[in-house]
Amino acid sequence: MSKLQHTMVAITALTLLAACGQSTGDRALSGAGIGAGVGAVGGAVLGGDPVDGALIGGAVGGATGALTSSKDVNLGKPIWR
């Protein structure tokens, strides 16, 4: 892996862990949004399809957000509430 790929993996991992919200649904929704954004950028930067990257990133981010508990990740009330 190149240095850019390592950087993208690290940014993606940190971003997915930053999903915010007090409920499981909030964390899943914000995780999916963050994952889709990071996946689209990662796909474009690495020469892949940004849409595929967004779909995969959104799925992984949503699952990560849904599987975390409020004890693990709770950054407070999300902006949409």
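Residues numbered from 1 in each chain as written. Predicted model: local features only at pLDDT ≥ 70, side-chain atom pairs only at ≥ 80, totals over all residues. Heavy atoms only, no water.

**Student:** Would you mind showing me how to read the overall build of the protein chain here?
**Tutor:** Counting its secondary structure elements, the protein chain contains three helices and zero strands. For the protein chain, the proportion of its 81 residues judged to be buried stands at 28%. Counting contacts in the protein chain only where the partners sit at least 6 residues apart, residues at least 24 apart contribute 62% of the total. (Helix = DSSP H or I, 4+ residues; strand = E, 2+ residues; numbered from the N terminus. Buried < 20%, exposed > 50% of the residue type's maximum accessible area, 1.4 Å probe, protein only. Contact = heavy atoms within 4.5 Å.)

**Student:** Would you mind showing me how to read the environment of G62 here?
**Tutor:** Within the secondary structure layout, G62 lies in helix α3 (residues 50-67). A residue is classified by how much of its surface remains accessible, and G62, at 13% relative accessible area, is buried. As a C-alpha pair, G62 and A28 span 34 residues in sequence and 4.4 Å in three-dimensional space. What G62 contacts, discounting residues up to four positions off in sequence, is A28, G31 and A32.

**Student:** What's the story with α3 in this structure? I'm lost.
**Tutor:** Structural remark: α-helix, 3.6 residues per turn; residues separated by three or four positions point the same way. End to end, α3 covers 25 Å across 18 residues, agreeing with the expected 26 Å (1.5 Å per residue, within 8%). Among the residues of α3, G53, G57, G58, G61, G62 and G65 are the ones counted as buried. What you see down the axis of α3 is that its buried residues fit within an arc of 150 degrees, all on one side. For α3, the exposed residues lying more than 90 degrees away from the buried face are L55, I56, A59 and L67. (Expected span 1.5 Å × (residues − 1). Arc of directions from axis to C-beta.)

**Student:** Explanation requested: the confidence of the model for the protein chain in the structure shown.
**Tutor:** Note: predicted coordinates in regions of low pLDDT should not be interpreted at a detailed level. Of the residues in the protein chain, 72% reach a pLDDT of 70 or more, and the chain-wide mean stands at 77. Ranking the helices and strands of the protein chain by mean pLDDT puts α3 first, with 89, and helix α1 (residues 3-16) last, with 69. (pLDDT = per-residue confidence, 0-100.)

**Student:** Where do I start with the packing of helix α2 (residues 24-45) against α3 in this structure?
**Tutor:** Helix-helix packing is characterised by the crossing angle of the two axes and by the distance between the axes. α3 packs onto α2 with a crossing angle of 150 degrees between their chain directions and a minimal axis gap of 6 Å. One way to sum up the angle between α2 and α3 is to call them roughly antiparallel. Two packed elements cross with a definite hand, and for α2 against α3 that hand is right-handed. Contacts between α2 and α3 involve T24, R27, A28, G31, A32, G35, A36, G39, A40 and A44 from the former and P50, G53, A54, G57, G58, G61, G62, G65 and A66 from the latter. Residue classes in the contact of α2 with α3 are distributed as eight nonpolar, 10 polar and one charged. (Axes fitted to C-alpha atoms, helices over the stretch in contact; angles between N-to-C directions. Parallel < 35°, antiparallel > 145°, perpendicular 65-115°, else oblique. Left-handed = near helix turned anticlockwise from the far one by under 90°. Nonpolar A, V, L, I, M, F, W, Y, C, P; charged D, E, K, R; others polar.)

**Student:** Looking at this model, I keep getting lost on the environment of V41. Mind explaining?
**Tutor:** Locating V41 in the fold gives a position in helix α2. As for V41 and G53, which are separated by 12 residues in sequence, their C-alpha atoms are 7.6 Å apart.

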